[in-house]
Amino acid sequence: MFLSELKLYNFRRFSGSIEKKQPGLTVHFHKGLNIIVGENDAGKTAIIDAIRLMLGDVSDEFQRIVDDDFYCDESGAYENMFRIEGKFCDLSEREAGIFLDWLSFDKDDNYTLQLTLSVEKKINDNNQAYINHKLVAGISTTATALSATARSFLKTTYLKPLRNAIDELTPGFRSQLPKILMAHSTFNGDTENKENLVEIMRHANSEIEKFFGSESQESDSSSHVALNKELSQVLAQLYDRQDQSKSKVSLKLPEASLSQILKQLSLNPEKRNLGLGNMNLLYIAAELALLNDHLNHTIYGPNIMLVEELEAHLHVQAQIRLIKYIEQYLKNYQSKAAMQFILTSHSVALTASVDQRLLIYLHDGQSYEMDPSHTLLEDKEYGFLNRFLDATKANLFFAKGLIFVEGYAENILLPALADLVGYPLHEYGVSIVDVGGRSFDNYVKLFARRPDTPRVDLPIVIIRDSDIRPYTFCINNENVNEINRLLVSRQLTRDDFGKNFLAFNQLRKRMNLNFLSENSDTIAKLAFQMLSEDELKDAQEKKEFKLQRQYDDLNVTQRVFVSPAWTLEYSLLKSPMRELLLESMTDVKFDGKSVSEEKRSDFIENLRKYNLVKLYIWFENSTLSKAETAQILAERIHHLKGERRNELKKSVLQDSYCAYLINAIMFACGS
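Figured I'd write up the structure that's included with this text. Remember, predicted model here, so these are calculated numbers, not experimental data.

1. Description of the nonpolar core
Grouped burial of nonpolar side chains is what soluble globular proteins tend to show. Judged by nonpolar contacts, the single largest core of 73 residues is most densely connected at I403, I463, L507, M577 and V652. Apart from the residues within four sequence positions on either side, L507 is in contact with F473, C474, I475, F501, L513 and A527.

Put into structure tokens, the structure is as follows:
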């Protein structure tokens, strides 16, 4: 059996209506591993705590109900009652027998177990406030209290978020180690082991008492001071003769129960002076060992392990090793007993290292499961994401807005441009995801929901190059005669007119042109034709319309913003940022080289004189890195001050070639 569904009413940040049976949050879990992700204050801890309140944990750690557990509205008024509902599915015949008195059935007549925890603030007849807990099982009309025996099968193993594992493993009131040990089968239900450990402590106490000496010992023959004897002698002089029996004292450990003995233990690695991360791994290992012991003796029940912030104080490789260990752990035990891990995480490395089907995404008070029954992704698309969604892209699960871009240049330049126009992306919680090409579909579908399900209210931006070149290679009435004179065999006719090609080689192959190699450049120049303004405008509008409609049938909050001319860099060359871009190209050209200022000036002056199309073609075919050019351009924008910065901001906001970038930034920021 496993926990398949959790509903929260008026618990923590999640409101809801108990009377109308409208939960503030519904979470769907699956067997095995579940990883809850989302930004801070999304409600991840609330889900973990709700499960613990409803089911308890094997170490019997007390959870105190406080006012903040009750939903508080914007006016500051708290609800007087919250409810937590859990649904368990896939019960075996034996498990169905254990919970027979509380069973119900789903639409397919499979066993289900429904639990309801109601917590209410009340006032007694003495006007004293108290908290009333009520846990029942079964469907609402016939639900009855769950017995202690049945409830014991549902207890979870809980691994708290670690801030200082040393406190958890060394003696003290904060130590979790005694609770772990008490829950282990070594002591849980094994009376002989308990008595053996207590007897060991009694023997140790006797030896300690001997060490400090007694009345029967001769002080001069002892290698150390007989403190017990001296204390008794001094104390005897402070009592009258009738109370001399009170002066007999000895230094020894107090008589201890098993619980008190375990509280004195610490878990120490052989290697000393380990850092906090290693101590956290030691604590996690102790909890996993308890779970391992639990599974060796328990084959019924959901066997849930709750883990908060698994990545706390662990470096990236340690996080990945730990999550892979858990995945293998599940494989090893799943045939013997049902196992369910429910984890929360902020780690992009951990999120990127697991199958995306395992994720439960929390955003804006809602839960969005990423498995195939809730998204529009197919198996091959999950395969793509599992291969290519790395730590640099996994930040998309922790953002308030997303911008998907084709490459490094947009990724580097957009934050600087956003700062310039007054929309710093980090302040708006917007993440940029470089998909490394045009494979946007898989990333968008990850957030697209199936019909009749709530939409992910997350603004998603896709920035695309139109890739409409302002030129073409073609045969027309103006060049056909000159090209025919240079051909060796086949002659071109009017039937070859009107066919446009992006590159000369495409035209040569498609039209089967045969010419001497020394004539190749001449024919290419003759076939090169600039599109007319009307042709260019028509092609651009058609491409924009096609790209902007591409995701309209998906249940997702998205917009596609298309470059108004060819590519990002070509559009910038036509914008007020042209001069800064030329300066950046020059910086990249002479980076690390010792050249005179005159040579730099001559180079940039030649760039300024270039025909715009030829300039961009030169840039495309040069050794200059687009990413490095964008980085220097971003730095130049960042370092602009005063009036020059204000002038650029004003001109950029008014420019049609920058508008698609500015609008994309504003949409992602929620404007």
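2. Let's talk about a nonpolar patch on the surface
The grouping of L227, L231, V249 and L251 at the surface amounts to a nonpolar patch, some 280 Å² of accessible area in total. The topology assignment puts L251 in the loop between helix 7 (227-236) and helix 8 (258-263).

3. Observations concerning the environment of A416
Position of A416 relative to the elements: it lies in helix 13 (residues 408-420). Separated by 220 residues in sequence, A416 and R636 place their C-alpha atoms 9.1 Å apart. Excluding anything up to four places from it in sequence, A416 contacts A634 and I637.

4. Here's the deal with the pairing of strand 9 (residues 129-137)
By the bridge criterion, nine bridges tie strand 8 (residues 111-123) to strand 9 in an arrangement that is antiparallel. Following the sheet pairing, K122 is matched in strand 9 by Y130. In textbook terms, the turn of a hairpin is the stretch between consecutive antiparallel strands, and for strand 8 and strand 9 this stretch comprises five residues, one of which, N127, has a positive phi near 60°. Direction of pairing for strand 9 relative to strand 10 (residues 144-145): antiparallel, over a ladder of two bridges. Within the sheet, the bridge partner assigned to V136 lies in strand 10 and is A145.

5. Quick notes on the pattern of salt bridges
Note that side chains of opposite charge can pair when their charged atoms are close. Across all of its chains, the model carries 26 salt bridges by this definition. The shortest N-O distance in the salt bridge between R438 and D467 comes to 2.7 Å. Pair noted here: R438 is in the loop between strand 17 (430-434) and helix 15 (440-447) and D467 is in the loop between strand 18 (460-464) and strand 19 (471-473), with a separation of 29 residues, a long-range link. Residue D467 is classed as partly exposed on the basis of its relative accessible area, which comes to 24%. Each of R12, D49, R52, D57 and D69 takes part in a single network of salt bridges with overlapping partners.

6. Brief notes about helix 24 (residues 626-639)
For helix 24, with 14 residues, the first-to-last C-alpha span of 20 Å sits near the 20 Å given by 1.5 Å per residue. For helix 24, the complete set of buried residues consists of T629, A630, I632, L633, A634 and I637. On its buried face, helix 24 sits against helix 13, helix 20 (568-573), helix 21 (578-589), helix 23 (612-621) and helix 25 (642-654). At the N-terminal end of helix 24, a side-chain oxygen is found 3.3 Å from the backbone nitrogen of A627, two or three residues along, and the residue is S625.

7. A closer look at the packing of aromatic side chains
Counted according to the given criterion, the structure contains 28 aromatic pairs. Taking the centre distance of 6.4 Å and the plane angle of 25° together, the rings of Y610 and W618 count as stacked. Taken together, the aromatic side chains of Y471, F473, F504, F515, F528, W566, Y570, Y616 and F619 make up a single cluster linked through ring pairs. Across from the ring centre of F70, 4.6 Å away, lies the NZ or CZ of K121, which sits over that ring.

8. Here's the deal with the sheet that holds strand 13 (residues 340-345)
Pairing within the open sheet is mixed, and its six strands lie in the order 11-12-13-5-14-15. Lying at the two open borders of the sheet, with one neighbouring strand each, are strand 11 (157-159) and strand 15 (366-369). Along the sheet, successive strands turn relative to each other by an average axial angle of 20°, direction set aside. Relative to strand 12 (residues 304-307), strand 11 runs parallel, the two being bridged by three bridges. Bridging across to strand 12, L159 finds its partner in V307. Across the sheet, helix 1 (residues 44-55) is in contact with strand 5 (32-37), strand 11, strand 12, strand 13 and strand 14 (359-363); its angle to strand 13 comes to roughly 145°.

9. Observations regarding the pairing of strand 4 (residues 25-28)
Within a regular beta strand, the side chains point alternately toward one face of the sheet and then the other, so they alternate between its two faces. Burial along strand 4 is one-sided: L25 and V27 are buried, and none of T26 and H28, which face the opposite way, are. Looking at chain direction, strand 1 (residues 2-9) and strand 4 are connected through four bridges and run antiparallel. The partner of K7 across the bridge, within strand 4, is T26.

10. Brief notes about the side chain of S347
Structurally, S347 is set in the loop between strand 13 and helix 11 (348-353). Taking the relative accessible area as the measure of exposure, S347 reaches 7% and is therefore buried. Looking at S347, its side chain comes within polar contact range of the side chain of Q319, at 2.4 Å. Ignoring anything within four residues of it in the chain, the contact list for S347 reads E311, Q319 and F398.

11. Regarding a negative patch on the surface
Taken together, the side chains of E19, D73, E74 and E79 make up a negatively charged region of the molecular surface. Tracing the backbone shows E74 in the loop between helix 1 and strand 6 (81-89). The exposure class assigned to E74 is exposed, which follows from its relative accessible area of 88%.

12. A closer look at the environment of E406
Position of E406 among the secondary structure elements: in the loop between strand 16 (401-405) and helix 13. With a relative accessible area of 11%, E406 lands in the buried category. Each C-alpha atom, one on E406 and one on G436, is 5.4 Å from the other, the two residues being 30 residues apart in sequence. If we ignore the near neighbours within four places in the chain, the residues touching E406 are D434, V435, G436, G437, R438, F440, I463, R464 and D465. At a separation of 3.0 Å, a polar atom in the side chain of E406 contacts the main-chain amide nitrogen of D465.

13. Focus: the packing of helix 13 against helix 26 (residues 659-668)
Helix 26 packs onto helix 13 with a crossing angle of 80° between their chain directions and a minimal axis gap of 10 Å. When the axis of helix 13 is compared with that of helix 26, the two are roughly perpendicular. Along the contact surface, helix 13 presents L414, L417 and A418, while helix 26 presents L661, I662 and I665. Of the residues belonging to the contact of helix 13 with helix 26, the class tally is six nonpolar, no polar and no charged.

14. Focus on the sheet that holds strand 16
Overall, parallel pairing links the four strands, which are arranged 17-16-18-21 in an open sheet. Because the sheet does not close on itself, it has two edges, and the strands there are strand 17 and strand 21 (558-562). Across the sheet, the axes of successive neighbouring strands diverge by a mean angle of 20°, strand direction being ignored. Two elements, strand 18 and strand 21, share five bridges in a ladder whose sense is parallel. Bridge pairing links V461 to R559 in strand 21. Of the strands in this sheet, strand 18 and strand 21 touch helix 19 (residues 533-548), which is tilted by about 160° from strand 21.

15. A few points about the environment of V405
Positionally, V405 belongs in strand 16. Its relative accessible area of 0% is what places V405 among the buried residues. Each C-alpha atom, one on V405 and one on D465, is 9.4 Å from the other, the two residues being 60 residues apart in sequence. The contacts of V405, once residues within four sequence positions are left out, are E410, N411, L414, I432, V433, D434, V435, G436, F440 and I463.

Rules behind the numbers
- Residues numbered from 1 in each chain as written.
- Predicted model: local features only at pLDDT ≥ 70, side-chain atom pairs only at ≥ 80, totals over all residues.
- Heavy atoms only, no water.
- Core = buried A, V, L, I, M, F, W, Y, C linked by side-chain atoms within 4.5 Å.
- Buried < 20%, exposed > 50% of the residue type's maximum accessible area, 1.4 Å probe, protein only.
- Contact = heavy atoms within 4.5 Å.
- Patch = residues over 30% accessible without salt bridge, like charges linked within 9 Å, V, L, I, M, F, W, Y side chains within 5 Å.
- Areas by Shrake-Rupley, 256 points an atom, 1.4 Å probe, with all protein chains shown as cover.
- Salt bridge = Lys/Arg side-chain N within 4 Å of Asp/Glu carboxyl O.
- Helix = DSSP H or I, 4+ residues; strand = E, 2+ residues; numbered from the N terminus.
- Pairing = 2+ DSSP bridges.
- Expected span 1.5 Å × (residues − 1).
- Polar contact = N/O pair within 3.5 Å; in protein donor to acceptor, adjacent residues only side chain to side chain.
- Phe/Tyr/Trp six-rings, centres within 6.5 Å; stacked < 30°, edge-to-face > 60°.
- Lys NZ or Arg CZ within 6 Å of the ring centre and 35° of its normal.
- Axes fitted to C-alpha atoms, helices over the stretch in contact; angles between N-to-C directions.
- Lys, Arg positive; Asp, Glu negative; His and termini not counted.
- Charge placed at Lys NZ, Arg CZ, Asp CG, Glu CD.
- Parallel < 35°, antiparallel > 145°, perpendicular 65-115°, else oblique.
- Nonpolar A, V, L, I, M, F, W, Y, C, P; charged D, E, K, R; others polar.

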